[in-house]
Amino acid sequence: MQYIDNIIFLILLVAGFGLFAKSLQKIYRNIRLGREINRNDRKPERWETMARVAMGQSKMVKRPVAGILHLFVYVGFIIINIELIEIIVDGLFGTHRFLATILGHGFYNAFTATLEILALLVVIGVVVFFIRRNFYGVKRLTMKELFGWPKQDANWILIIEFALMVAFFTMNTSDWVLQQKGLLPEHGNFPISSTILAPIFNNFGDSFLFFTERAAWWFHFVGILFFMNYLYYSKHLHIILAFPSTWYANLDKKGKFNNLESVTKEIKLMMDPNADPYAAPAEGAETDVPSKFGAEDVFDLNQVQLLNAYSCTECGRCTSVCPANITGKKLSPRLILMKTRDRLEEVGRNIDKNGKFVDDGKKLLNDYITKEELWACTTCNACTEACPVLLDPLSIIFEMRRFLVMEQSAAPQELNLMMTNVENNAAPWQYNQADRLNWAND
Ligand code: SF4
Ligand code: SF4
């Protein structure tokens, strides 16, 4: 019987991690559909940014209540899952609380007590988040764009985390009561289970206690595998992808656009007859003339932009500060990333089905993101400033606008007029350069 348990455990473990690896492989393949971009420069700054923003959650705490609760859930959940090491060894070899023999009595007691306190903080965090999301009416969390799957997904994550913590406490409490009865070896210190929950469990019979301990242990293990595989379908993927996203974040000053060197050169030559056509390009500039200007579909976006689409937490901090959205325009930077991910997933499924991408007659532009949304953006960068994981929805908007202007000449009338003026008069106004100071006459 013992061996059957171990074999079932092994099969579940291999299947769980195998499926998860497959999902990660798909994400990696999809991200690589984008254009390459070199963001491996300034490594010390990138390490520092990742440690501060992804690990240290420095931008989350700008909204302190949500930030601190998120920190509880994040740190608690990650650390509690260190226990997975113990679960794996116990499951494979039939041991019980294997880490106690490695860490020693005192250290194991401190370890288990810390986990219990963190688990309690996680429970508090997820309960408050659930109430806040469903009953408190925070605008950015109740907007129409979250109706349907995004809202269900957010709730499922909280429910799963809550269930995992309940299983964790059930396992510990049954274990502790059995230890007090001398039916299990004394390992661990459980400040929450032994005080708050034990009085209830004290009424259970021995065989039921053994059953609940094992059932909760298995539930916890299978729950972790399920949660891990659920990530692929969820905004919760950010618990992994926030790290590469912050590493590959744009470290340039906000507002610095990625001018195309080939275009800049043409304009310089056009506007300045003395310009040197053989001048060296600016440092870090793209020198090749691209096959297509801007982005019409996910293939035209760069790999960091596609990584951003997978990393979005759907928190809506960007949308809540977007002046276009606030003033009722049809633009939400959060939705720009959500739609990019949806389109990328659609392309991924197309590749899975056909072995390679077969034209489906759709594009990110128009089928997912409309021109109206794109032109509503003021390029103010408030969204990128607000994002807790340094995502950049503006860069996607900007690339799609670049496509509209440079490939389709489809800019709004007002802009076309202004650009014609720049071309003809080297100024945005409709009069000759020589007349520019006429306003100062008299
Ligand atoms: S840059 Fe555009 S999308 Fe971002 S906050 Fe400003 S207006 Fe909104
Ligand atoms: S882009 Fe950033 S701020 Fe906006 S919803 Fe996604 S994670 Fe939140």
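What counts and how
Residues numbered from 1 in each chain as written. Chains lettered and ligands numbered in written order. Predicted model: local features only at pLDDT ≥ 70, side-chain atom pairs only at ≥ 80, totals over all residues. Heavy atoms only, no water. Near = heavy atom within 4 Å. Helix = DSSP H or I, 4+ residues; strand = E, 2+ residues; numbered from the N terminus. Nonpolar A, V, L, I, M, F, W, Y, C, P; charged D, E, K, R; others polar. Contact = heavy atoms within 4.5 Å. 1 Å grid on protein atoms, 1.4 Å probe; cavity = no way out; pocket = protein on both sides within 12 Å on 5 of 7 lines; lining within 4 Å. Points joined across faces, edges and corners; volume = space filled by probe spheres on them. Buried < 20%, exposed > 50% of the residue type's maximum accessible area, 1.4 Å probe, protein only. Axes fitted to C-alpha atoms, helices over the stretch in contact; angles between N-to-C directions. Parallel < 35°, antiparallel > 145°, perpendicular 65-115°, else oblique. Left-handed = near helix turned anticlockwise from the far one by under 90°. Core = buried A, V, L, I, M, F, W, Y, C linked by side-chain atoms within 4.5 Å. Domains from an automatic or database assignment. Salt bridge = Lys/Arg side-chain N within 4 Å of Asp/Glu carboxyl O. Patch = residues over 30% accessible without salt bridge, like charges linked within 9 Å, V, L, I, M, F, W, Y side chains within 5 Å. Areas by Shrake-Rupley, 256 points an atom, 1.4 Å probe, with all protein chains shown as cover. Expected span 1.5 Å × (residues − 1). Buried area = accessible area lost by both parts, 1.4 Å probe.

Engineer: Help me understand the site of ligand 1 in this model?
Structural biologist: In the vicinity of ligand 1, 13 residues are found, and the nearest of them are Cys322, Cys377, Cys380, Asn381 and Cys383. Only helix H18 (382–386) and helix H19 (393–406) provide two or more residues apiece to the shell around ligand 1. Of the residues in the shell around ligand 1, the class split is 10 nonpolar, three polar and no charged.

Engineer: What am I meant to see in the side chain of Glu213 here?
Structural biologist: Considering the arrangement of structural elements, one finds Glu213 in helix H9 (residues 206–230). Sequence-distant contacts of Glu213, defined by excluding residues within four places in its chain, comprise His96, Met171, Ser174 and Asp175.

Engineer: I would appreciate a short explanation of the site of ligand 2 in the present structure.
Structural biologist: Within the structure, ligand 2 sits among 13 residues, and Cys312, Cys315, Gly316, Cys318 and Cys387 are positioned closest to it. Put simply, the parts of the chain that give the shell around ligand 2 at least two residues each are helix H13 (317–321) and helix H15 (333–354). Broken down by class, the residue content of the shell around ligand 2 amounts to eight nonpolar, two polar and three charged.

Engineer: What is the right way to read the layout of surface pockets from this model?
Structural biologist: Rolled over the atoms, a probe sized like a water molecule indicates the empty space that remains. Considering only enclosed or pocket space, the second largest pocket measures out at about 1,000 Å³ in volume. If you trace the second largest pocket, you find 27 residues lining it, with Val263, Ile267, Val405, Met406 and Met419 closest to the centre. Those elements that provide at least two residues to the lining of the second largest pocket are helix H11 (261–271), H19 and helix H20 (413–425). The residue makeup of the lining of the second largest pocket, split by class, is 16 nonpolar, seven polar and four charged.

Engineer: It is not clear to me how the environment of Ala242 should be interpreted in this structure. Could you clarify?
Structural biologist: Locating Ala242 in the fold gives a position in helix H10 (residues 238–247). Note on Ala242: relative accessible area 7%, which makes it buried. With 207 residues separating them in the primary sequence, Ala242 and Arg35 have C-alpha atoms 20 Å apart. Non-local contacts of Ala242, meaning those with residues more than four positions away in its chain, are made with Ala54 and Val389.

Engineer: I keep staring at the packing of helix H3 (residues 64–80) against helix H6 (residues 105–136) and nothing clicks. Help me out?
Structural biologist: Geometrically, a packed helix pair is captured by the angle between its two axes and the distance between the axes. The N-to-C vectors of H3 and H6 enclose an angle of 135°; their axes lie 8 Å apart at closest approach. Comparing the axis directions of H3 and H6 gives the class oblique. Crossing hand, H3 versus H6: left-handed. Across from Ala66, Leu69, His70, Phe72, Val73, Gly76, Phe77, Ile79 and Ile80 in H3, the residues of H6 making contact are Leu115, Leu118, Ala119, Leu121, Val122, Gly125, Val126, Val128, Phe129 and Arg132. By residue class, the composition of the contact of H3 with H6 is 15 nonpolar, three polar and one charged.

Engineer: What exactly am I supposed to notice about the nonpolar core here?
Structural biologist: Grouped burial of nonpolar side chains is what soluble globular proteins tend to show. With 78 residues, the main nonpolar core has Ile80, Met165, Phe227, Leu331 and Met400 as its most contacted residues. With nine residues, H6 is the largest single contributor of residues to this core. Each of domain 1 (4–31 + 63–234) and domain 2 (261–276 + 289–431) gives at least three residues to this core. With near-sequence residues (within four places) excluded, Leu331 lies in contact with Cys322, Ala324, Asn325, Ile336, Glu373, Ala376, Cys377 and Ile397. Counting residues in hydrophobic clusters, the runner-up holds six residues, among them Val177, Leu178, Phe201 and Leu209.

Engineer: Hey, could you run me through the environment of Asp175 in this one?
Structural biologist: Looking at where Asp175 falls in the secondary structure, it is placed in helix H7 (residues 149–180). Apart from residues no more than four positions distant in its own chain, Asp175 is found in contact with His96, Arg97, Leu184 and Glu213.

Engineer: What is the right way to look at empty space enclosed by the protein in this model?
Structural biologist: Evaluated as defined, the whole model comprises four cavities of 30 Å³ or more. As for the largest cavity, its lining consists of 30 residues, of which Met60, His70, Phe129, Lys235 and His238 are closest to the centre. Only helix H2 (43–55), H3, H6, H7 and H10 provide two or more residues apiece to the lining of the largest cavity. Among the elements that make up the lining of the largest cavity, the one with the highest residue count is H3 (six residues). Residue composition of the lining of the largest cavity, grouped by class: 19 nonpolar, five polar and six charged.

Engineer: Would you mind showing me how to read the pattern of salt bridges here?
Structural biologist: Once their charged atoms are close, side chains differing in charge can pair, the charge on each being opposite to the other. Using the criterion set out here, one finds 20 salt bridges in the structure. The residue Arg42 makes a salt bridge to Glu45 at a minimum N-O spacing of 3.2 Å. Judged by its relative accessible area of 33%, Glu45 falls in the partly exposed class. Taking the shortest distance from any N to any O, the salt bridge between Lys292 and Glu296 comes out at 3.3 Å. Residues joined by salt bridges that share partners form a network here, namely Asp297, Arg343, Glu346, Asp360 and Lys362.

Engineer: Hey, could you run me through a nonpolar patch on the surface in this one?
Structural biologist: Judged by side-chain polarity, Val127, Ile131, Phe135, Phe162 and Val166 come together as a nonpolar surface patch covering roughly 450 Å² of accessible area. Broken down by secondary-structure element, the contributors of at least two residues to the nonpolar patch are H6 and H7. Here the nonpolar patch gets three residues from one element, more than from any other, and that element is H6.

Engineer: What is the right way to read H15 from this model?
Structural biologist: Here H15 spans 32 Å end to end across 22 residues, near enough to the 32 Å set by a 1.5 Å rise per residue. In terms of burial, H15 is largely enclosed, as 17 of its 22 residues are buried. Count one or two residues on from H15 and you reach Gly355, which has phi positive near 85°.

Engineer: Sorry, what's going on with the domain arrangement of the chain here?
Structural biologist: By a frequent convention, interface size equals the accessible area lost on bringing the separate parts together. Domain assignment breaks the chain into domain 1 (4–31 + 63–234) and domain 2 (261–276 + 289–431). Each of domain 1 and domain 2 was reduced to a C-alpha centroid, and the two centroids are 41 Å apart. With 17 residues of domain 1 at the contact, the number on the domain 2 side is 22 residues. Surface buried jointly by domain 1 and domain 2 totals about 1,600 Å² across both partners, of which 47% is contributed by carbon and sulfur atoms. Interface area lost by domain 1 to domain 2 is led by Ile31, Arg140 and Glu145, which between them contribute 37%.

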